[in-house]
Protein chains: 2
Amino acid sequence: MSDQRVVRPAPISGFPEWTPRVRSVEQHWLDHIRAGFESFGFASVETPSVESLDVLTAKGETSQEVYTLHRLQADPKDDSDARLGLHFDLTVPFARYVAQHFNELTFPFKRYQMQRVWRGERPQEGRSREFTQCDIDVINVDSVPLHFDAELPRIVHRVLSGLDLPAWTLNVNNRKVLQGFYEGLGVEDPVAVIRAVDKLHKIGDDGVREILTGGGLTAGQADACLALARVRGTGAEVPGRVRALGVSSPLLEEGLEELAFVLDDLADLPEGAVVADLSIARGLDYYTGTVYEASFDDDPGYGSICAGGRYEDLAGQFIRRRLPGVGISIGLTRIFAKLVAEGRIQGGRICPTDVMVVVPAAERRREALAVGELLRSRGFNTEVFHSAAKVGKQIQYASKKGIPFVWFPPFGEDGGHEVKDMGSGEQAAADPSTWSPGDRTE
Amino acid sequence: MSDQRVVRPAPISGFPEWTPRVRSVEQHWLDHIRAGFESFGFASVETPSVESLDVLTAKGETSQEVYTLHRLQADPKDDSDARLGLHFDLTVPFARYVAQHFNELTFPFKRYQMQRVWRGERPQEGRSREFTQCDIDVINVDSVPLHFDAELPRIVHRVLSGLDLPAWTLNVNNRKVLQGFYEGLGVEDPVAVIRAVDKLHKIGDDGVREILTGGGLTAGQADACLALARVRGTGAEVPGRVRALGVSSPLLEEGLEELAFVLDDLADLPEGAVVADLSIARGLDYYTGTVYEASFDDDPGYGSICAGGRYEDLAGQFIRRRLPGVGISIGLTRIFAKLVAEGRIQGGRICPTDVMVVVPAAERRREALAVGELLRSRGFNTEVFHSAAKVGKQIQYASKKGIPFVWFPPFGEDGGHEVKDMGSGEQAAADPSTWSPGDRTE
């Protein structure tokens, strides 16, 4: 034990970290999400954690949240690193990636990206400063088929349904429906209405009505906007219910047809898996058609756990090609951290070991190692105990680590291999070259 | 197309990024390494990308390489983020993790950690500023069985042998052998000799001899040190060859016994997989027993691709418990980036799709989607083409993306499903609920 000063380690607010048992569940989630993305043919992309500040601030909006990098002992005259910042989402890096590698990519380009992102904001409930997002986007030159607007909710449904989450709903809408409806109503600034309606779940009908009439809408117009926002449904009846509100415009009709296409395409999913909700606006994002937003049914105030939509041009700030796309982002850490905090993450294992091989005596080490290699080659995660300690102590270690099986190489000259099922306590003869966990004692 | 300024995207020196085809190989490597670590029962740990500067500089040595974080638009009076830096390796975060979660861990604790690390150094060949390391360590309270000193090279052998690398060698040595030998020679400052011998591969025998005699060693002592460094072998003869140099000390004998134990334990590995090389010192690291270092046989000057060793106390700066351990780190990006640069990374796929389902006509979309879901449920990564374009165009897309199979739902009323093997060009009848890629045309 040294005399040096002890730096007391402490968690850093906003930077989550898990014990091995919880981490094993997170790892399972990541594997599951990745497999879901790949099952639809999306290719993996990773980008560096940093971008130049020119890239990060090309759109100008979120610059206050960027962490910039500086070398601890940099020469004050050397500003070579001063233009680097950690990415705050995966969309900006992806836009830069597509522009930079344009000639090396095959379009339509379907990519997934699962990485940490950083935001230098004050930490608060559900808001980390470092967190993992899982994004899928499809981009293409000049136009993107509507097929993908329906494929993305299908993928999210498949992926999130396979995790043990509290009830959630994936809502879908179309910005053309909103904008076309407001235009048909004779509203002068449809975007202002979209922004107001986006606040509906926070400030309620009266709050939104107040903003709208304060902005110059008549009471009748405001009521019509609120009536549209109340339309919610899962199938072919949705466009009819909107049309029944008696407003029409070419853009509205285009939006309703797109929305109908998406709903129709997803008709094979379980009832209620994807719901058209005409109050969803994603007002602060630059979406131009389909928009998505998912939240927990029992805690909508926690905010979106998954969001996205269709945009007219992904990378206009980086390349003089029009690259429209549609994408969706799953807020992995946002979902996972909430479940951890609520004690809902269970079933994780302390270690991935399937079988622990007992070392009967120091001179039998090689034999135990060989059993370990054999079991490993057959696909079992296998530890060989680290010393020739008393057998009871070896079994105790396996028990503490939650290792499901303990293997005993032959103890006497006439003995054979045996395996103990730590769950049932059963112990039985077994052959390391054929055994499997399903085998039963005879 | 907008009129906005275009920010020309460019690579940032030292921050590698791969096209999807290369990324698919990197992902395969990561999966393979992880599976290898888990097959020996090591548990996954991830830590935040940042640590407090107190933690990062607790040992004081590498502080010049740390990237610190600052918020782009922080209030100058607010220094709440000023004490955060990106981790420069995975050992310091792991030490902090073990100290912080000490009561939640089960010892001996075997963990693997595969994460990006950052160093704010000048980029040069083989030195990235952001790179991925794959570390395994075993730590325990008070003492760590020698078993693990042998297990780690076994794991590295298993992991690296499964990747398609140019020839490499994992060298092993023991600091007690070096220190004990120098003590036995009567050298006053054995650590200075270790540091000098560590330069052997760069400056040669004459350079090292000059440093040693300049540091007060006699010519005979210097020659003995160089003779020790020339000992290299794979088995039980190694300790004998050292003893034949005629130097002895208790520490030397202890080191030789440990080295012999490790070599004996690995005797079942292929000849030459692990080689005792008594010139390996890892001079700048604080190892106290076994040390490891691997490099490419045809390019030793590229430096170590894998390194580690045994340390007396992992987390003494964070907790008043003695936590010795043994660990090894695989420089994934170091290896991978070299192979990419040399054009040796081949066989990667543009996308993970196994089968693309053709959409014969717009009104047959649902049918194609159902085939897609069925194939996906059977474990095939499946894309449904994104429009009812001409069949030739759909096949062309599959060809460009390197998708191995194209599926045709029935075209006429009497027709059946068919599948085309894009490699052989063969097309044959197939049932989506039973087909597998091994099926042959009848």
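Residues numbered from 1 in each chain as written. Chains lettered and ligands numbered in written order. Predicted model: local features only at pLDDT ≥ 70, side-chain atom pairs only at ≥ 80, totals over all residues. Heavy atoms only, no water.

You'll find chain A entered in an unreviewed UniProt entry as Histidine--tRNA ligase, with Nocardiopsis flavescens given as the organism. Recorded in UniProt under Sequence similarities (unreviewed entry), the annotation for chain A is "Belongs to the class-II aminoacyl-tRNA synthetase family." The Subunit (unreviewed entry) field of the UniProt record for chain A holds the comment "Homodimer." (UniProt positions renumbered as here; feature names shortened; annotations may be inferred.)

Undergrad: I tried to follow the UniProt feature "binding site: L-histidine" (unreviewed entry) in chain A on my own but got confused; where do I start?
TA: Residues and elements named next belong to chain A. The positions that UniProt labels "binding site: L-histidine" (unreviewed entry) are, in the present scheme, Asp 89, Leu 90, Thr 91, Arg 119, Gln 133, Asp 137, Arg 282, Tyr 286 and Tyr 287. Mapping Leu 90 onto the fold places it in the loop between strand 4 (84-86) and helix 3 (91-100). What makes Leu 90 buried here is its relative accessible area of 0%. Beyond its immediate chain neighbours, meaning those up to four positions away, Leu 90 contacts Arg 111, Gln 113, Gln 115, Val 117, Gln 133 and Asp 135. By the secondary structure assignment, Gln 133 is in strand 6 (residues 130-139). Residue Gln 133 is classed as buried on the basis of its relative accessible area of 11%. Once residues lying within four places of it in the same chain are set aside, the contact partners of Gln 133 are Asp 89, Leu 90, Gln 113, Met 114, Gln 115, Val 117, Arg 119, Ser 329 and Ile 330. (Helix = DSSP H or I, 4+ residues; strand = E, 2+ residues; numbered from the N terminus. Buried < 20%, exposed > 50% of the residue type's maximum accessible area, 1.4 Å probe, protein only. Contact = heavy atoms within 4.5 Å.)

Undergrad: Teacher, can you tell me more about the packing of aromatic side chains here?
TA: Pairs of aromatic rings are described using the distance from one ring centre to the other and the angle between the two planes. Residue and element names in this part refer to chain B. With the rule as written, the count across this model stands at 23 aromatic pairs over all chains. Consider the rings of Phe 405 and Trp 435, whose centres lie 5.1 Å apart with planes at 75°: the pair is edge-to-face. Here Phe 405 is found in strand 15 (residues 405-408), whereas its partner Trp 435 is found in the segment after strand 17 (427-429), with 30 residues between them in sequence. Given the relative accessible area of 12%, Phe 405 is considered buried. (Phe/Tyr/Trp six-rings, centres within 6.5 Å; stacked < 30°, edge-to-face > 60°.)

Undergrad: Even after reading the chapter, I still don't get the packing of helix 1 (residues 20-39) of chain A against helix 4 (residues 147-161) of chain A, so can you show me in this structure?
TA: Between two packed helices, what matters for the description is the angle formed by their axes and the separation of those axes. All names here are of chain A. Relative orientation of the contacting elements helix 1 and helix 4 amounts to 150°, with a least axis distance of 9 Å. In terms of their interaxial angle, helix 1 and helix 4 are classed as roughly antiparallel. Relative to helix 4, helix 1 is oriented so that their crossing is right-handed. Each of His 32, Ile 33, Gly 36, Phe 37 and Ser 39 in helix 1 lies in contact with helix 4, whose residues at this interface are Ile 155, Arg 158 and Val 159. Looking at the contact of helix 1 with helix 4 residue by residue, the class counts come to four nonpolar, three polar and one charged. (Axes fitted to C-alpha atoms, helices over the stretch in contact; angles between N-to-C directions. Parallel < 35°, antiparallel > 145°, perpendicular 65-115°, else oblique. Left-handed = near helix turned anticlockwise from the far one by under 90°. Nonpolar A, V, L, I, M, F, W, Y, C, P; charged D, E, K, R; others polar.)

Undergrad: How should I be thinking about a positive patch on the surface in this particular structure?
TA: Residues and elements named next belong to chain A. Taken together, Arg 127, Arg 195, Lys 199 and Lys 202 make up a surface patch of like positive charges. Along the chain, Lys 202 falls in helix 7 (residues 200-214). Overall, Lys 202 belongs to the exposed group, its relative accessible area being 81%. (Patch = residues over 30% accessible without salt bridge, like charges linked within 9 Å, V, L, I, M, F, W, Y side chains within 5 Å. Areas by Shrake-Rupley, 256 points an atom, 1.4 Å probe, with all protein chains shown as cover. Salt bridge = Lys/Arg side-chain N within 4 Å of Asp/Glu carboxyl O. Lys, Arg positive; Asp, Glu negative; His and termini not counted. Charge placed at Lys NZ, Arg CZ, Asp CG, Glu CD.)

Undergrad: Looking at this structure, how should I read the sheet that holds strand 17 of chain B?
TA: Remark on secondary structure: sheet strands pair via backbone hydrogen bonds, oriented parallel or antiparallel. All names here are of chain B. With mixed pairing, five strands are arranged side by side in an open sheet as 14-13-15-16-17. Of all the strands in the sheet, just strand 14 (382-384) and strand 17 have a single pairing partner and so form its edges. Direction aside, neighbouring strands of the sheet carry axes that sit 25° apart on average. Examined bridge by bridge, strand 13 (residues 355-357) and strand 14 share three bridges and lie parallel to one another. Residue pairing across strands places Val 355 opposite Thr 382, the latter belonging to strand 14. In the packing of helix 12 (residues 365-377) onto the sheet, contacts are made with strand 13, strand 14 and strand 15, and the angle to strand 14 comes to roughly 175°. (Pairing = 2+ DSSP bridges.)

Undergrad: Can you help me understand helix 8 (residues 219-229) of chain B in this one?
TA: Think of an α-helix as turning once every 3.6 residues; residues three or four places apart then point the same way. Within helix 8 of chain B, burial applies to Gln 221, Ala 222, Ala 224, Cys 225, Leu 226, Leu 228 and Ala 229 of chain B. Elements in contact with the buried residues of helix 8 of chain B: helix 5 (175-184), helix 6 (190-197), helix 7 (200-214), helix 9 (237-243) and strand 9 (274-277) of chain B.

Undergrad: Would you mind showing me how to read the pattern of salt bridges here?
TA: If charged atoms from side chains of opposite charge come close, those side chains can pair. Taken as a whole and assessed by the stated rule, the structure comprises 68 salt bridges over all chains. Across the pair Arg 34 of chain B and Asp 31 of chain A runs a salt bridge, and its minimum N-O distance is 2.5 Å. One end of the pair, Arg 34 of chain B, is in helix 1 (residues 20-39); the other, Asp 31 of chain A, is in helix 1, on a second chain. Across the salt bridge formed by Arg 23 of chain B and Glu 46 of chain A, the nearest N and O atoms sit 3.3 Å from each other. Here Glu 46 of chain A lies in the loop between strand 1 (43-44) and strand 2 (50-52) and Arg 23 of chain B lies in helix 1, a pairing that spans two chains. On the basis of relative accessible area, Arg 23 of chain B is assigned to the buried category, the value being 4%.

Undergrad: Please explain the environment of Ala 74 of chain B as it appears in this structure.
TA: All names here are of chain B. Inspection of the secondary structure puts Ala 74 in the loop between strand 3 (67-71) and strand 4 (84-86). Of the residues examined, Ala 74 reaches a relative accessible area of 29% and is grouped as partly exposed. In this structure, the C-alpha to C-alpha distance between Ala 74 and Gln 27, residues 47 residues apart in sequence, is 37 Å.

Undergrad: When you look at the sheet that holds strand 15 (residues 405-408) of chain A in this model, what are you seeing that I'm missing?
TA: Residue and element names in this part refer to chain A. Ordered in space as 14-13-15-16-17, the five strands form an open sheet in which the pairing is mixed. Each end of this open sheet is capped by a strand with a single partner; those strands are strand 14 (382-384) and strand 17 (427-429). Each strand axis lies, on average, 25° off the axis of its neighbour in the sheet, ignoring direction. The sheet strands contacting helix 12 (residues 365-377) are strand 13 (355-357), strand 14 and strand 15, and the helix crosses strand 14 at an angle near 175°.

Undergrad: I'm lost on the interface of chain B and chain A in this one. Help?
TA: On the side of chain A, 111 residues touch chain B, which itself brings 111 residues to the contact. Summing both sides of the interface, chain B and chain A together bury roughly 9,600 Å²; the carbon and sulfur share of this comes to 53%. The interface formed by chain B and chain A includes 16 salt bridges. For Asp 265 of chain B, the salt bridge goes to Arg 365 of chain A, with nearest N and O atoms at 2.7 Å. Where chain B touches chain A, the interface holds 45 residue pairs in polar contact (both at pLDDT 80 or more). Considering every element that reaches the side of chain B that touches chain A, the biggest residue donor is helix 1 of chain B, with seven residues. The residue makeup of the side of chain B that touches chain A, split by class, is 48 nonpolar, 29 polar and 34 charged. As paired strands, strand 3 (residues 67-71) of chain A and strand 3 of chain B are joined by five bridges and run antiparallel to one another. (Buried area = accessible area lost by both parts, 1.4 Å probe. Polar contact = N/O pair within 3.5 Å; in protein donor to acceptor, adjacent residues only side chain to side chain.)

Undergrad: I would appreciate a short explanation of the relation of the copies chain B and chain A in the present structure.
TA: Each of the two chain copies can be brought onto the other by rotation about an axis and movement along it. Once chain B is rotated about the relating axis by 180° and shifted along it by 0.0 Å, it coincides with chain A to within an RMSD of 0.1 Å. Taken together, the rotation and translation describe the operation of a two-fold axis. For chain B, the smallest separation between a C-alpha atom and the rotation axis is recorded for Leu 69 of chain B, amounting to 2.5 Å. (Least-squares fit on C-alpha atoms with pLDDT ≥ 70 in both.)

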